[in-house]
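Here is what each chain is made of, one letter per residue.
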Amino acid sequence: MPDTPGTEEFALPRSRRANERLHALIPGGAHTYAKGDDQYPENLAPVISHGRGAHVWDVDGNRYIEYGSGLRSVSLGHAHPRVVEAVRRELDRGSNFVRPSVLEIEAAERFLATVPTAEMVKFAKNGSDVTTAAVRLARAVTGRPRVAVCHDQPFFSVDDWFIVTTPMSAGIPDPTAELTVTFPFGDLAATEELLTRYRGEVACLILEPAGHTEPPPGYLAGLRELADRHGCLLVFDEMITGLRWSEAGAQGLYGVVPDLSTFGKALGNGFAVSALAGRRDLMEPGGLRHSGDRVFLLSTTHGAETHALAAAMAVQTTYVEEGVTARLHALGERLAGGVREVAAAAGVGDHVVVRGRASNLVFATLDEERQPSQPYRTLFLRQLLMGGVLAPSFVVSSALDDADIDRTVAVVAQACAVYRKALDAGDPTPWLGGRPVKPVFRRLA
């Protein structure tokens, strides 16, 4: 089998067979919709054998430079020695007990030292659990039923309060939909109008504090003021911004303190750990040392598995001691600059567009009218795969080196040359190799 894919007769026979087995056993063929083979060109969805650093190998023997590792969770690279060693030490000591382990104290202290804007923290295994816990807590402490969600951002939870806002809302009762309202990112006037319309009913505003665009000047501080004035909580979903924006997340970078915040993804470098953090007076209703009604905040059998907490502590230590956030930014800037240069040279600079903060880059693929295009995304992904680059995004890990970035830019240059041909032809179909990739959220399969 080849070590890296080539552009001639590139095929993945073992991956194709493995994908068929996946669909026969697992609804959707993956445990995360964003990892589904519908997100990749037809018959070119690699099934991964293993990974190390910034590289992964598929079951056909092909090696790829990987971006967006683990849906942004593996920011230090696969099998990072410091994280693996921390996990290995705990595996020999037992992973789950009938009472809290001392590691839970150490992990909480380490987290709160890294995110000093929070006073208490509770760990879980995935982002959905902690964002839903934040919503439940907000409803309990405010006595209000509605949750206001930023509608310009892609994902907050698998639970009904959020999924009801997507095209995949089958199975969710209509009354649930009435309790979720939405507001636009960056528009304080529209958010104030929403809070006024539902005066006294909104328990919280929940949003990612930053995304593909930076928050407008004064926006997050303005949300803080609106939440205080209208008596609701401000919740920052820091699943992506956590660690990638700063060790303390976006709240640490922008200096605006939320009432509650949620972390995950990069926190465990691929190991399952997430966190709900916030003010003591807000978190205590989920505990035992208060006089009010108890809130069923989080109660998870595996939420404090010792090896996952050890991974989180190793990640946080590595970020602080090795300046990982700065490295992610430097790598992203090198990549973004290179991609923009070769796209412009190929005459597609207005069609292959790199967006986002340097540590969290995505790309847009635009058609002849400069509108987002799934067919052109398919063409671009196909060319990247054939060049040995697995990149549903351009989100970097610190395991990448300059040679990886330079190789990626060279492959992007080749892809842009094909992209130009498709634009000149006015039709990318001959370069797709089958059906286009599909949006993750859609009503029909």
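Rules behind the numbers
Once a new chain begins, its residue numbering starts again from 1 and follows that chain's sequence as written. Local features in a predicted model are, by the rule used here, given only for residues with pLDDT of at least 70; side-chain atom pairs are given and counted only at 80 or more, and totals for whole chains, interfaces and linings are based on all residues. Heavy atoms throughout the structure, all of them, feed into the side-chain values; hydrogens and water do not. Going along the chain from the N terminus, every DSSP run of H or I of four or more residues is numbered as a helix, and every run of E of two or more is numbered as a strand. Helix span is expected to be 1.5 Å times the residue number reduced by one. Working definition: with a 1.4 Å probe on protein chains only, accessible area under 20% of the residue-type maximum means buried, over 50% means exposed, and in between means partly exposed. Contact criterion: two residues are considered in contact whenever any of their non-hydrogen atoms come within 4.5 Å of each other. Each pair of strands is called paired provided DSSP finds at least two bridges between the two strands. What makes a salt bridge here is a side-chain nitrogen of Lys or Arg within 4 Å of a carboxyl oxygen of Asp or Glu, nothing more. Here a polar contact is recorded for every N or O atom pair within 3.5 Å, except that within protein the pair must consist of a potential hydrogen donor and a potential acceptor, and residues adjacent in sequence are included only if both atoms are side-chain atoms. Here the nonpolar core consists of buried residues drawn from Ala, Val, Leu, Ile, Met, Phe, Trp, Tyr and Cys, with membership extended through side-chain atoms lying within 4.5 Å. Directions pointing from the helix axis toward each C-beta atom define the arc. Aromatic pairing here means that ring centres of Phe, Tyr or Trp (its six-membered ring) are within 6.5 Å. Orientation follows from the plane angle: under 30 degrees is stacked, over 60 is edge-to-face, and everything else is tilted. Lines fitted to C-alpha atoms define the axes, with helix axes restricted to the stretch in contact, and inter-axis angles between N-to-C directions lie between 0 and 180 degrees. Working definition: roughly parallel below 35 degrees, roughly antiparallel above 145 degrees, roughly perpendicular at 65 to 115 degrees, and oblique for all remaining angles. We call a crossing left-handed when the near helix sits turned anticlockwise from the far one by less than a right angle, and right-handed when that turn is clockwise.

Draft legend 1. Quick look at helix H13 (residues 324-345). In this model, H13 (22 residues) spans 32 Å end to end at C-alpha, consistent with the 32 Å of a helix rising 1.5 Å per residue. Within H13, burial applies to Val-324, Thr-325, Leu-328, His-329, Leu-331, Gly-332, Leu-335, Ala-336, Gly-338, Val-339, Val-342 and Ala-343. Tucked inside the fold, the buried residues of H13 contact helix H12 (306-322), strand S11 (352-355) and helix H15 (402-425).

Draft legend 2. Seen up close, the sheet that holds strand S2 (residues 55-58). Read across the open sheet, the four strands follow the order S1-S2-S3-S13; overall the sheet is mixed. Pairing within the sheet leaves two strands with one partner each, and these edge strands are strand S1 (48-52) and strand S13 (389-390). Taken together, the two bridges between strand S3 (residues 63-66) and S13 define a ladder with parallel strand orientation. Each bridged residue has a counterpart across the sheet, and for Glu-66 the counterpart in S13 is Leu-390.

Draft legend 3. How the structure looks around the pattern of salt bridges. This model, assessed by the stated rule, comprises 20 salt bridges. Here Arg-229 ties to Glu-192 by a salt bridge, and the two come within 2.7 Å at their closest N and O atoms. In this pair, Arg-229 sits in helix H9 (residues 219-230) while Glu-192 sits in helix H8 (residues 188-197), placing the two residues 37 residues apart along the sequence. Arg-229 sits in the partly exposed class, given a relative accessible area of 45%.

Draft legend 4. Looking closely at the pairing of S2. The pairing of S1 with S2 spans four bridges and is antiparallel. Residue Ile-48 lies in a different strand from S2, and its bridge partner there is Asp-58. Taken together, S1 and the strand that follows it, S2, pair antiparallel across an intervening segment of two residues, in which Gly-53 is found at a positive phi of about 60 degrees. With three bridges connecting them, S2 and S3 associate as antiparallel partners. Along S3, the bridge assignment pairs Val-56 with Tyr-64. Taking the residues that link successive antiparallel strands as the turn, the S2-S3 hairpin has four residues, and the phi of Gly-61 there is positive, at about 95 degrees.

Draft legend 5. The environment of Thr-317, seen in detail. Of note, Thr-317 is situated in helix H12. Thr-317 sits 203 residues away from Thr-114 along the chain, and the two C-alpha atoms are 8.9 Å apart. Ignoring sequence-local partners within four residues, the contact set of Thr-317 consists of Arg-82 and Arg-110. A distance of 3.3 Å separates the side chain of Thr-317 from the side chain of Arg-110, its partner in a polar contact.

Draft legend 6. A look at the nonpolar core. Counting 66 residues, the largest nonpolar core has Tyr-67, Phe-111, Phe-123, Leu-335, Phe-380, Leu-384 and Phe-394 as its most contacted members. Apart from residues no more than four positions distant in its own chain, Phe-123 is found in contact with Ala-107, Ala-108, Phe-111, Val-273, Ser-274, Ala-275, Thr-300, Gly-303 and Leu-309.

Draft legend 7. Highlighting unusual backbone geometry. Its identity is not glycine, yet Leu-71 carries a phi of approximately 55 degrees, on the positive side. With respect to the helices, strands and loops of the structure, Leu-71 is situated in helix H2 (residues 69-72). Phi is positive for Ala-79, close to 55 degrees, though the residue is something other than glycine. Topologically, Ala-79 is positioned in the loop between H2 and helix H3 (81-91).

Draft legend 8. Up close: H3. Taken as a whole, H3 has its buried residues at Val-83, Ala-86, Val-87 and Glu-90. Along H3, the residues classed as buried sweep out an arc of 95 degrees about the axis, all on the same side. For H3, the elements touching its buried residues are helix H4 (102-114) and H12.

Draft legend 9. Inspection of the packing of aromatic side chains at higher detail. Within the structure shown, the criterion is met by twelve aromatic pairs. With 6.5 Å between their ring centres and 75 degrees between their planes, Phe-380 and Tyr-419 make a pair best called edge-to-face. Here Phe-380, found in helix H14 (residues 374-386), pairs with Tyr-419, found in helix H15; they are 39 residues apart in sequence, far enough to count as distant. Neither residue differs from the other here; Phe-380 and Tyr-419 are each classed as buried. Cluster of aromatic residues (ring-pair linked, three or more members): Tyr-67, Phe-363, Tyr-376, Phe-380, Phe-394 and Tyr-419.

Draft legend 10. Geometry of the side chain of Thr-166. Structurally, Thr-166 is set in the loop between helix H6 (160-163) and helix H7 (174-177). Of note is the side chain of Thr-166, whose polar atom sits 2.9 Å from the backbone oxygen of Ile-163. For Thr-166, the side chain forms a polar contact with the main-chain nitrogen of Met-168, separated by 3.1 Å.

Draft legend 11. Molecular detail of the sheet that holds strand S8 (residues 233-237). On the basis of which strands lie adjacent, the open sheet formed by seven strands has the order S4-S10-S9-S8-S7-S5-S6 and mixed pairing. The outermost strands of the open sheet, each flanked by one partner alone, are strand S4 (120-124) and strand S6 (180-183). Pairs of neighbouring strands in the sheet enclose a mean axial angle of 20 degrees, with direction left out of account. Alignment of S4 against strand S10 (residues 274-278), held across five bridges, turns out to be antiparallel. By the bridge assignment, Met-120 is partnered in S10 with Gly-278. Running at roughly 120 degrees to S4, H4 makes contact with S4, strand S9 (260-263) and S10 of the sheet.

Draft legend 12. Summary view of the packing of H4 against H12. It is the contact of H4 with H12, at a shortest axis distance of 10 Å, that shows an interaxial angle of 30 degrees. Viewed along their axes, H4 and H12 adopt a mutual orientation that is roughly parallel. Crossing of H4 over H12 shows left-handed handedness. Between H4 and H12, the contacting residues are Leu-103, Glu-104, Glu-106, Ala-107, Arg-110, Phe-111 and Thr-114 on the first element and Thr-306, Leu-309, Ala-310, Met-313, Gln-316, Thr-317 and Val-320 on the second.

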